[in-house]
Amino acid sequence: MSRPKQFSDTREHLLATGEAIILGKSFSAVGLAEILGAAGVPKGSFYHYFRSKEGYGVELLRRYFETYDGRLVQFLSKDAGSARDCLLHYFDGWLETHRCDEPQRCCLAVKLAAEVSDLSEPMREALAEGMSFVVRNLAACIRRGQQEGSLLPDLLPDETASALYSLWVGSALLFKTQHSRAPLLAAMAHTQQILRAP
């Protein structure tokens, strides 16, 4: 039996409201009362949708990566251009996201990775699973680039995708601590070298 539409809508509303608040603060700093107050949902209703704040965090990350993964597949598709162009455009988007220090524009995964990985094993697992999807999509795009001739044939797709994603996640963390785009600009220069045309 399917759930009533109201259930689905309220759950989504709670997740969307919480994501916006957490991006501006942190997961630990935001209480359920603040999320429920902003969403206009009674406190007792929260546990109808989520078992705990930790369970809410897991679902928040799953929702984030599901949306991100869908956009990434389209972003890296053949219709968007050559694989090399798609990848460089994708990473250029990281630069654009970090053009100004607006917390609402940062990546939820990067924001929460350092905070919750040691505090919550279920949330860490959700992060690891979601990030692995991103790496797999990048690797598939690298393979496409090798097949079409826009990328070097000697690149190892899985290893290269993992290294590039690690480079950019690390650079985004440095951006947060240094309040400087220098790490991201360095990451782009290195990315362009790795993804140079044959």
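Structure's up top.
Residues numbered from 1 in each chain as written. Predicted model: local features only at pLDDT ≥ 70, side-chain atom pairs only at ≥ 80, totals over all residues. Heavy atoms only, no water.

## Considerations on the packing of aromatic side chains
Taken as a whole and judged by the stated rule, the model has 13 aromatic pairs. Taken together, a centroid distance of 6.1 Å and an interplanar angle of 85° make the contact between Trp-94 and Tyr-165 edge-to-face. Residue Trp-94 is found in helix α5 (residues 83-97), and its partner Tyr-165 is found in helix α8 (residues 157-178); the two are separated by 71 residues along the sequence. Of the two residues, Trp-94 and Tyr-165, both sit in the buried class. In textbook terms, an aromatic cluster arises when at least three aromatic residues are bridged by ring pairs, as seen for Phe-75, Tyr-90, Phe-91, Trp-94, Tyr-165 and Trp-168. One cation-aromatic arrangement involves Lys-53 over Phe-27; the distance from NZ or CZ to the ring centre is 4.6 Å. (Phe/Tyr/Trp six-rings, centres within 6.5 Å; stacked < 30°, edge-to-face > 60°. Helix = DSSP H or I, 4+ residues; strand = E, 2+ residues; numbered from the N terminus. Buried < 20%, exposed > 50% of the residue type's maximum accessible area, 1.4 Å probe, protein only. Lys NZ or Arg CZ within 6 Å of the ring centre and 35° of its normal.)

## Topic: the side chain of Ser-26
Tracing the sequence through the fold places Ser-26 in the loop between α1 (5-24) and α2 (32-39). Discounting chain neighbours no more than four positions away, the residues touching Ser-26 are Lys-111 and Glu-115. (Contact = heavy atoms within 4.5 Å.)

## Notes on the nonpolar core
Residues Leu-14, Tyr-56, Tyr-90, Trp-94, Leu-138 and Tyr-165 are the most contacted members of the largest nonpolar core, which totals 65 residues. Ranked by residue count, the leading element in this core is helix α7 (residues 121-148), at 10 residues. If we ignore the near neighbours within four places in the chain, the residues touching Tyr-90 are Tyr-68, Leu-72, Phe-75, Leu-76, Val-134, Leu-138 and Tyr-165. (Core = buried A, V, L, I, M, F, W, Y, C linked by side-chain atoms within 4.5 Å.)

## Remarks on the layout of surface pockets
In this structure, the largest pocket spans a volume of roughly 390 Å³. Every residue lining the largest pocket is counted, 17 residues in all, and those nearest its centre are Tyr-64, Tyr-68, Arg-71, Tyr-90 and Thr-97. Among the secondary structure elements, those contributing two or more residues to the lining of the largest pocket are α1, α4 (53-75) and α5. Its residues assigned to classes, the lining of the largest pocket shows 10 nonpolar, 4 polar and 3 charged. (1 Å grid on protein atoms, 1.4 Å probe; cavity = no way out; pocket = protein on both sides within 12 Å on 5 of 7 lines; lining within 4 Å. Points joined across faces, edges and corners; volume = space filled by probe spheres on them. Nonpolar A, V, L, I, M, F, W, Y, C, P; charged D, E, K, R; others polar.)

## Things to note about the packing of α8 against helix α9 (residues 182-194)
Contact geometry of α8 with α9 gives a least axis separation of 8 Å together with a crossing angle of 165°. Looking at the two axes, α8 sits roughly antiparallel to α9. With respect to the hand of their crossing, α8 and α9 are arranged in left-handed fashion. Across the interface between the two elements, Thr-160, Leu-164, Leu-167, Trp-168, Ser-171, Ala-172, Leu-174, Phe-175 and Gln-178 of α8 pack against Pro-183, Leu-184, Ala-187, Met-188, His-190, Thr-191 and Ile-194 of α9. Per-class residue counts for the contact of α8 with α9 are 11 nonpolar, 5 polar and no charged. (Axes fitted to C-alpha atoms, helices over the stretch in contact; angles between N-to-C directions. Parallel < 35°, antiparallel > 145°, perpendicular 65-115°, else oblique. Left-handed = near helix turned anticlockwise from the far one by under 90°.)

## Some words on α7
In an α-helix, one turn spans 3.6 residues, which is why side chains three or four residues apart end up on the same side. Here α7 spans 41 Å end to end across 28 residues, near enough to the 40 Å set by a 1.5 Å rise per residue. Structurally, the start of α7 carries an N-cap: the backbone nitrogen of Met-123 is 3.1 Å from a side-chain oxygen of Ser-120. Of the residues trailing α7, Gly-149 is marked for its positive phi of about 90°. (Expected span 1.5 Å × (residues − 1). Polar contact = N/O pair within 3.5 Å; in protein donor to acceptor, adjacent residues only side chain to side chain.)

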